[in-house]
Amino acid sequence: MSDLPAPGTADAARPAPGAVLPRAPVGVPGQAAPADSDDRTAGHAEAASTEAIASCGLILPDPRPRATVPLPRVRSSAVVGRPPGRLTRWTNGMQTDVRFAVRRVLAMFCLLPLGLVLARELPLVPEKPLVIGYGITVLVGTIAMLQIAYSRYDDPSVRTLRRRPKDLDSFPSLPAVPKVSFLLAVKDEVDYIEGCVRSMAASDYPELEIIVIDDLSEDGTREILDGLAQELGITLLKLEKNLGKKHALVRGASIATGDVLAFTDSDCVLAPDALRKCVQALVDHPELGAVSGHCRALNVDETLFTRAQDVWYEGQFRVAKAAESVFGSVTCVSGPLAVFRRDAVYNYFPAWAGDRFLGAPFRFATDRQLTGYVLGQLWVGKKLKKQYADSPFVTAEDYPERKWRIGYVQSAQVWTNVPEHFRPFMKQQIRWKKSFIRNTCFTGTFMWRRGIGPSCLYYGHVLWVMAAPLMAVRHMIWSPIQGGIFVSVLYLCGVVLKGSIWGLAFKIDNPGDPHWRYRPLMSLLSALLLSWLLPYSLATIRRGVWSRTR
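Residues numbered from 1 in each chain as written. Predicted model: local features only at pLDDT ≥ 70, side-chain atom pairs only at ≥ 80, totals over all residues. Heavy atoms only, no water.

Enquirer: What is the right way to look at the confidence of the model for the protein chain in this model?
Expert: Low-pLDDT portions of the prediction should not be read for the details of their coordinates. Per-residue pLDDT for the protein chain has a mean of 81; in total, 76% of the residues score no lower than 70. Confidence over residues 1-55 falls short of pLDDT 50; this stretch has 132 contacts with residues more than four positions distant or in other chains. Below pLDDT 50 for its whole length, residues 63-70 participates in 18 contacts with residues either more than four positions away or in separate chains. (pLDDT = per-residue confidence, 0-100. Contact = heavy atoms within 4.5 Å.)

Enquirer: How should I be thinking about the pattern of salt bridges in this particular structure?
Expert: Opposite charge on two side chains permits pairing when their charged atoms draw close. Under the criterion given, the structure shown has 20 salt bridges. Note that Arg159 and Asp154 form a salt bridge whose closest N and O atoms lie 3.5 Å from each other. Linking Glu209 and Lys179 is a salt bridge whose minimum nitrogen-to-oxygen distance equals 3.9 Å. With Glu209 in strand β3 (residues 208-214) and Lys179 in the loop between α6 (129-152) and β2 (180-186), the pair connects residues that are 30 residues apart, well separated along the chain. Side by side, Glu209 and Lys179 carry an identical accessibility label, which is buried. Connected through shared salt-bridge partners, Arg296, Asp310, Glu314 and Asp513 make up one network. (Salt bridge = Lys/Arg side-chain N within 4 Å of Asp/Glu carboxyl O. Helix = DSSP H or I, 4+ residues; strand = E, 2+ residues; numbered from the N terminus. Buried < 20%, exposed > 50% of the residue type's maximum accessible area, 1.4 Å probe, protein only.)

Enquirer: Would you mind going over a negative patch on the surface with me for this structure?
Expert: On the surface, Asp191, Glu218, Asp219 and Glu223 cluster together to form a negatively charged patch. Relative to the assigned elements, Asp219 resides in the loop between β3 and α8 (221-232). (Patch = residues over 30% accessible without salt bridge, like charges linked within 9 Å, V, L, I, M, F, W, Y side chains within 5 Å. Areas by Shrake-Rupley, 256 points an atom, 1.4 Å probe, with all protein chains shown as cover. Lys, Arg positive; Asp, Glu negative; His and termini not counted. Charge placed at Lys NZ, Arg CZ, Asp CG, Glu CD.)

Enquirer: I tried to follow the environment of Leu378 on my own but got confused; where do I start?
Expert: Inspection of the secondary structure puts Leu378 in helix α15 (residues 377-387). Overall, the relative accessible area of 40% leaves Leu378 in the partly exposed class. Sequence separation between Leu378 and Pro400 is 22 residues, and the spatial gap between their C-alpha atoms is 8.8 Å. If we ignore the near neighbours within four places in the chain, the residues touching Leu378 are Glu401, Arg402 and Lys403.

Enquirer: Got a minute to help me understand the packing of helix α11 (residues 304-326) against helix α17 (residues 422-443) in this structure?
Expert: The geometry of a pair of packed helices is captured by two quantities: the angle between their axes and the separation between those axes. Direction vectors running N to C along α11 and α17 enclose 30°, while the axes themselves pass 11 Å from each other. Here α11 is positioned roughly parallel relative to α17, judged by the angle of their axes. Within the contact between the two elements, α11 uses Phe305, Gln309, Trp312 and Tyr313 and α17 uses Phe422, Phe425, Gln428 and Trp432. Here the residues of the contact of α11 with α17 are counted per class, giving six nonpolar, two polar and no charged. (Axes fitted to C-alpha atoms, helices over the stretch in contact; angles between N-to-C directions. Parallel < 35°, antiparallel > 145°, perpendicular 65-115°, else oblique. Nonpolar A, V, L, I, M, F, W, Y, C, P; charged D, E, K, R; others polar.)

Have a look at this one:
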């Protein structure tokens, strides 16, 4: 690629924290930009990548205003927003210090039974350090994560965060209403692509350009996109060669002109205000280089697998990402809704596209790896940019390396179609395990520099994932062979207990939703089956395609 668009440099006064970004009529992301951004947008357009345009069919958006775009019909009861419970409404009305104090006390009270279990079992560790010690470690980690998530997390799109960096003034502010480039790469998603693109176009964010990259689809997806490009005024890049998801997204990024770069997956549907809330968080908090939205299952009512995954998704976002967000160190800005500041990620797209692992190209478009470039650029950024010094992504504008923080926006809702049957579910989990292995060897090299809290959460999770297959063998194979059936039963009881804890957390956050009972099932599946996928994924890590099979 050559002559890439130079990043936006326009500066504007930052609105007061909590100010609401102005809205445009739903579905008109192609409307004219404010006068103060015209020159910046024109400059980007003139410098658009000539090679990117020459190597693919490019359909530019219709500059005329579009009619309102209806949000596609959804198939899931999980999409219907439920009002927060009475306890949440009560604490939300309190002053900041009082709210955090009350939430801390309530969380400690709810976790007290687990604390009593911990106190009872702790003296037994010297007798059986492996069996009891592993259970104690998992229990302590669960208690700590729940306590942090429920007592200290605040949505950065709703309130100004309490924990701010000491060098806050060193982070450049975004314009009051930054231009957003919303990118989507797709291959062979004929069943879902129309709903996804329509939900993108239905976003209520005013300064929006939508770029869809078709990676040589052959199932009718391209024909659907042709019609949507004419109807909705989106930019459509039609690649004449299959490049893979990462390279397709990088191709789209080469012509993106926004101060903010947002991404979603081709089987997702977004709430109309999801993107706006993520951008609001970035505008209100200049130290945030990226934020993740909150994802649930769109097809939750289809099978037992989808119901279990929906509850699991809720916990991974509401608890795990919320706990990481407290320290500004979310380790995976997930694909369903990933929103980055341009100056935090733009220089690292060539490193992402050219990522290699164990001597071979790493083909998966891992969200974790792109997040890692933002988390660790203060320590690895210069080396990566030097490696790709001739890339237009670096030569267009060399952004300074910063110790960015990464957050999570609970109110930015997005829904994804999860695997409905066993085989595609296992393929997805293997793909995720491979991404976990690769990213551990990257992010793990610098995460300790981000502080005690982020380090404990990150390395504790890594150790738990790596120990899980060993513990499964120890408790479910070795112990029964040695006649220790009781140890196996105790292990399974511990797994069910942990799943029940997460299930109750789901029930608190989703009053009236009966699916909380599926969470222990997901814990059993993870302990007895998914943990075994780690060594298999390592052995087959060089294999990989980016298509999905349902």
